[in-house]
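Examination of the molecular architecture
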Amino acid sequence: MTDLPNDIPVKDLIEQIAVLKKEREAVILAHNYQPPEIQDLADYTGDSLELSMIAAKTAAKTIVFCGVRFMAETASILSPEKTVLLPVLEAGCTLADYATAEEVREMKKKHPDAVVVTYVNSSAEVKAETDICCTSANAVEIVRSVAPGRPVLFVSDYNLGHYAAKKTGREVILWSGCCPTHALLSTFAVAKARKKWPEAKVLMHPECKPEVLELADFVGSTSGILRHAKEQPDGTSFIVGTEVGILHRLQKENPGKAFHAASDFLICPMMKMITLADVKASLEKTQFVISVAADVRKRALKAVHAMLQYQGAAAPQFPQKV
Ligand code: 13P
């Protein structure tokens, strides 16, 4: 991480970023888990699906991706002519590290009739071995869209694959990978939170474990959770079973509602790496450029495109800055 020079007030730093952004014809995208000041700085905040759709369509020459590596990689797969910057190179995703291209090839040999559906939280090389990608926002629909009679090989989140299998009744071969942050949420923690806030509705991300999802009132992607909370009347309170970064937007967009983290341990360290100083350095020094080798990109693009085309008219509107 770049140290915040203590002689630069945050307000000045934000102004300097705005100038650099204009010079570079850049757009700043931030995932819903990013620190509050990064979300507030961004042109768009959203879930993985929304951000990849913006990356595919933006007219900006440079995309500063405030998220984790696989998200910047997806942006580069979709828009190779643009400069895609990840302000902190070490911002990775443990879940994405659960599958390698070699392992997927091995599984494909074992299950030659399976359709490979890969969670977007994966490397470009793994996407290149994939028939169709999915995100947490569309995993159920994508699994349902697979031709009847064909099994699905779901890479690499066990919990999301299990959820999609349960919702669709389809035969899904599960991968043994998980998001260590969501996997931390236990039934005990949810029961404890329910006892503390008995009126609250429980919102959860499908990366949580199956037995924990059983306790949810609503399951959705980060933006799905945001939309659902918005639709509920003022005065409603919620227990939120996903990374705590989402609480910033939830609270900001719903001042008349109360939000409580289901557990204080729901923190993704990778999503907390990028600072305002990193964003400034990223624009100033053109760092760190994320690109994908042409042959891998071509194959990975097919799988990402298959997902985006499938989204079609049902695709959500780009999130507007709030
Ligand atoms: P969303 O696509 O729901 O924002 O989730 C991304 C993610 O990495 C969850 O851990």
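Now for a quick tour of the structure. Quantities reported herein were computed from a predicted structural model and do not represent experimental measurements.

Points about the packing of aromatic side chains
The final tally for this structure, using the stated rule, is one aromatic pair. Both rings, one in Phe-238 and one in Phe-259, keep their centres 5.0 Å apart while their planes meet at 10°; by these two values the pair is stacked. Here the residue Phe-238 occupies a position in strand E11 (residues 237-241), and Phe-259 occupies one in strand E12 (residues 258-261), the gap between them amounting to 21 residues. Assessed through its relative accessible area of 0%, Phe-238 is described here as buried.

Quick look at the environment of Pro-269
Along the chain, Pro-269 falls in the loop between E12 and helix H14 (276-285). For the pair formed by Pro-269 and Cys-66, sequence separation is 203 residues and the distance between their alpha carbons is 13 Å.

Some thoughts on the sheet that holds strand E7 (residues 152-155)
Across the sheet, four strands lie side by side as E6-E5-E7-E8; this open sheet has parallel pairing. Edge positions in the sheet fall to strand E6 (132-134) and strand E8 (172-174), since each of these pairs with one other strand and no more. Averaged over all pairs of adjacent strands, the angle between their axes in this sheet comes to 30°, without regard to strand direction. Where helix H8 (residues 158-168) meets the sheet, it contacts strand E5 (115-119), E7 and E8, and its direction lies at approximately 165° from that of E8.

Description of the nonpolar core
Counting 91 residues, the largest nonpolar core has Val-117, Phe-154 and Val-279 as the members making the most contacts within it. In terms of residue count, helix H15 (residues 294-311) provides more of this core than any other element does, seven residues in total. Not counting residues within four places of it along the chain, the set of residues in contact with Val-117 comprises Ile-132, Cys-134, Ile-142, Val-146, Val-152, Leu-153, Phe-154 and Val-155. Leu-226, Val-240, Leu-250 and Ala-261 belong to the second largest nonpolar core, which has eleven residues in total.

Here we look at the site of the ligand
Taken together, His-31, Tyr-33, Asp-47, Ser-48, Asn-121, Ser-136, His-182, His-205, Glu-207, Ser-221 and Thr-222 make up all the residues around the ligand. One of the side-chain N or O atoms of Asn-121 is found 3.0 Å from an oxygen atom in the ligand. A total of 310 Å² of accessible area belongs to the ligand in isolation, and the protein chains cover 95% of it. Here the shell around the ligand is composed, by residue class, of one nonpolar, eight polar and two charged.

Concerning the packing of helix H4 (residues 69-78) against H15
Between H4 and H15, the least distance of the axes is 9 Å, while the angle of their chain directions is 95°. With respect to H15, the element H4 is oriented roughly perpendicular. Of H15, the residues touching H4 (which contributes Thr-74, Ser-76, Ile-77 and Leu-78) are Arg-297, Ala-300, Leu-301, Val-304, His-305 and Leu-308. The class makeup of the residues in the contact of H4 with H15 is six nonpolar, three polar and one charged.

Describing helix H1 (residues 10-23)
Taking 1.5 Å as the rise per residue, H1 with 14 residues should run 20 Å; its terminal C-alpha atoms sit 20 Å apart, in good agreement. Among all positions of H1, only Leu-13, Ile-17, Leu-20 and Lys-21 are buried. Buried residues of H1 fall within an arc of 100° about the axis and therefore sit on the same side. In H1, the exposed positions that point more than 90 degrees away from the buried face belong to Lys-11, Lys-22 and Glu-23. In this structure, the buried side of H1 is in contact with strand E1 (26-31), helix H2 (36-41) and H14. Phi turns positive, to about 50°, at Glu-25, one or two residues after H1.

Some details on the environment of Ala-164
Within the secondary structure layout, Ala-164 lies in helix H8. Placed 24 residues apart in sequence, Ala-164 and Val-140 show a C-alpha to C-alpha distance of 4.6 Å. Sequence-distant contacts of Ala-164, that is, excluding residues within four places in its chain, are made with Ala-139, Val-140 and Val-143.

A short note on the packing of helix H3 (residues 48-57) against H4
The interhelical angle for the contact between H3 and H4, taken along N-to-C directions, is 35°, at an axis separation of 8 Å. The two elements H3 and H4 cross, and the hand of that crossing is right-handed. From H3, Ser-48, Ser-52, Ala-55 and Ala-56 reach across to H4, where they touch Phe-70, Met-71, Thr-74, Ala-75 and Leu-78. Looking at the contact of H3 with H4 residue by residue, the classes come out as six nonpolar, three polar and no charged.

Thresholds, definitions, all that
- Along each chain, the written sequence defines residue order, and numbers are assigned to residues from 1.
- Since the coordinates come from a predicted model, pLDDT governs what is reported: local features require at least 70, and pairs of side-chain atoms require 80 or more to be given and counted, while whole-chain, interface and lining totals use all residues.
- As a rule here, side-chain values cover all heavy atoms of the structure and leave hydrogens and water aside.
- Each pair of aromatic rings taken from Phe, Tyr and Trp, with Trp reduced to its six-membered ring, is defined by centres within 6.5 Å and is described as stacked if the planes are under 30 degrees apart, edge-to-face if over 60, and tilted in the remaining cases.
- The numbering of helices and of strands both runs from the N terminus, where a helix is a DSSP run of H or I of at least 4 residues and a strand a run of E of at least 2.
- Using a 1.4 Å probe on the protein chains alone, a residue whose accessible area is under 20% of its type maximum counts as buried, one over 50% counts as exposed, and one in between counts as partly exposed.
- Note: two strands are recorded as paired if DSSP finds a minimum of 2 bridges between them.
- The axes are straight lines fitted to the C-alpha atoms, using for helices just the contacting stretch, and the angles between their N-to-C directions are given from 0 to 180°.
- Any two residues whose heavy atoms approach within 4.5 Å are treated as being in contact.
- Definition of nonpolar core: a set of buried residues of the types Ala, Val, Leu, Ile, Met, Phe, Trp, Tyr and Cys, connected through side-chain atoms within 4.5 Å.
- For this description, a residue counts as near a given molecule or strand if any of its non-hydrogen atoms is within 4 Å of it.
- The term polar contact refers here to a pair of N or O atoms within 3.5 Å; inside protein, the definition further demands a hydrogen-donor-capable atom paired with an acceptor-capable atom, and it admits residues adjacent in sequence only when both atoms are side-chain atoms.
- All accessibility values rest on the Shrake-Rupley procedure with a 1.4 Å probe; residue burial counts only the protein chains present in the view.
- Note on residue categories: nonpolar means Ala, Val, Leu, Ile, Met, Phe, Trp, Tyr, Cys or Pro, charged means Asp, Glu, Lys or Arg, and polar means any other residue, Gly included.
- Here is the rule for angles: anything less than 35 degrees is roughly parallel, anything more than 145 is roughly antiparallel, 65 through 115 is roughly perpendicular, and the remaining ranges are oblique.
- A helix is expected to reach a length of 1.5 Å times the quantity of its residues less one.
- What the arc describes is the spread of directions from the helix axis to the C-beta atoms.
- Crossing handedness is read from the near helix: turned anticlockwise from the far helix by less than a right angle, it gives a left-handed crossing, and turned clockwise, a right-handed one.

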